[in-house]
Amino acid sequence: DQVGLLGLPPASLSTPDLLRSIEALEQSGQNADRYAIALWRKLGMPLGTGAMALLALSFVFGPTRGVGAGYRVALGTFVGIVLYFFDQMSIQWGLLLNLSPALTALAPFVLIGAVAGLRLRPAKVLVDGNQLPVLPMLCEAVVGGDALIAEISAASILAKVQRDRWCAEVDA
């Protein structure tokens, strides 16, 4: 039964089959990295899906001034193809350089998330109060904003919790 599993491509195996294959290969003293990479890729798939969704959103809701929808679609397609090839090459590099299977499998997902994070910029900054900071995007001052706007209220709570932690740390 295990011999049949080892004849299949690692990506086509289920998670339990990958675990059994890795164990069998390691017990026989063989290299199980291909199967470990496939296992980590399956486990990291939610991370990869989230990163790709963020990347797609960055092209949909990215800067729209002076850039047509066709250009954004073409650029998004090009970036997607480049990232796909990088993903495939990183697996081969990981095997060639004998890198950790977890690092080899998850690094492309982290890279995609980083690219998406760099592309996403806030369209508007809401500030509680009447003075605006100098920022390279649209800002709006809202007097009493923590009582009027849920996002400002949430940010205010997070800032106060962080301030309280810092004060407790400094006081200790």
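Anything mentioned here points back to the structure above.
Okay, so let's go over this structure. (Residues numbered from 1 in each chain as written. Predicted model: local features only at pLDDT ≥ 70, side-chain atom pairs only at ≥ 80, totals over all residues. Heavy atoms only, no water.)

## Comments concerning the pattern of salt bridges
Tallying each qualifying case throughout the model produces 4 salt bridges. Of the charged contacts, one joins Lys 124 and Glu 140 as a salt bridge, the two residues approaching to 2.5 Å between their closest N and O atoms. Of the two residues, Lys 124 sits in strand 1 (residues 124-128) while Glu 140 sits in strand 2 (residues 138-142), which places them 16 residues apart along the sequence. The exposure class of Lys 124 is partly exposed, given its relative accessible area of 42%. (Salt bridge = Lys/Arg side-chain N within 4 Å of Asp/Glu carboxyl O. Helix = DSSP H or I, 4+ residues; strand = E, 2+ residues; numbered from the N terminus. Buried < 20%, exposed > 50% of the residue type's maximum accessible area, 1.4 Å probe, protein only.)

## Details of the packing of aromatic side chains
Using the criterion set out here, one finds 2 aromatic pairs in the structure. Measuring from centroid to centroid gives 5.7 Å for Tyr 84 and Phe 85, while their planes differ by 65°, and the two rings are edge-to-face. The exposure class of Tyr 84 is partly exposed, given its relative accessible area of 48%. Overall, the relative accessible area of 49% leaves Phe 85 in the partly exposed class. (Phe/Tyr/Trp six-rings, centres within 6.5 Å; stacked < 30°, edge-to-face > 60°.)

## Concerning helix 2 (residues 15-27)
One turn of an α-helix holds 3.6 residues; hence residues three or four places apart share an orientation. Over its 13 residues, helix 2 extends 18 Å from the first C-alpha to the last, a length consistent with the 18 Å expected when each residue adds 1.5 Å. Among the residues of helix 2, those classed as buried are Asp 17, Leu 18, Ser 21, Ile 22 and Leu 25. Buried positions in helix 2, seen along its axis, are confined to an arc of 135° and lie on one side of it. Exposed and facing more than 90 degrees away from the buried side of helix 2 are Glu 26 and Gln 27. Directly after helix 2, the chain includes Gly 29, whose backbone phi takes a positive value near 80°. (Expected span 1.5 Å × (residues − 1). Arc of directions from axis to C-beta.)

## What about the nonpolar core?
Leu 13, Leu 18, Ile 22, Leu 25, Ala 32, Tyr 35, Ala 36, Ala 38 and Leu 39 form the largest nonpolar core, which has 9 residues in total. Elements that contribute at least two residues to this core include exactly helix 2 and helix 3 (33-43). A total of 4 residues in this core trace back to one element, the largest contributor, which is helix 3. Leave out the neighbours within four places in its chain, and Ala 38 touches Pro 10, Ala 11 and Leu 18. (Core = buried A, V, L, I, M, F, W, Y, C linked by side-chain atoms within 4.5 Å. Contact = heavy atoms within 4.5 Å.)

## Examining the environment of Gly 48
Looking at where Gly 48 falls in the secondary structure, it is placed in helix 4 (residues 45-60). Separated by 20 residues in the primary sequence, Gly 48 and Gly 68 have C-alpha atoms spaced 28 Å apart.

## Overview of unusual backbone geometry
The phi torsion at Asn 98 lies on the positive side, around 55°, for a residue other than glycine. Position of Asn 98 relative to the elements: it lies in the loop between helix 5 (69-96) and helix 6 (101-119). We classify Asn 98 as exposed; its relative accessible area is 57%.

## Notes on the side chain of Arg 41
Mapped onto the elements, Arg 41 comes out in helix 3. Of note is the side chain of Arg 41, whose polar atom sits 2.8 Å from the side chain of Asp 87. Setting aside residues up to four positions removed in sequence, Arg 41 forms contacts with Asp 87, Ile 91, Ala 105 and Phe 109. (Polar contact = N/O pair within 3.5 Å; in protein donor to acceptor, adjacent residues only side chain to side chain.)

## A word on the packing of helix 2 against helix 3
Remark: helix 2 packs on helix 3, axes separated minimally by 9 Å, with the N-to-C direction vectors making an angle of 155°. In terms of orientation, helix 2 and helix 3 fall into the roughly antiparallel class. Relative to helix 3, helix 2 is oriented so that their crossing is left-handed. Mapping the contact onto sequence places Thr 15, Leu 18, Leu 19, Ser 21, Ile 22 and Leu 25 in helix 2 and Tyr 35, Ala 36, Ala 38, Leu 39 and Lys 42 in helix 3. Of the residues belonging to the contact of helix 2 with helix 3, the class tally is 8 nonpolar, 2 polar and 1 charged. (Axes fitted to C-alpha atoms, helices over the stretch in contact; angles between N-to-C directions. Parallel < 35°, antiparallel > 145°, perpendicular 65-115°, else oblique. Left-handed = near helix turned anticlockwise from the far one by under 90°. Nonpolar A, V, L, I, M, F, W, Y, C, P; charged D, E, K, R; others polar.)

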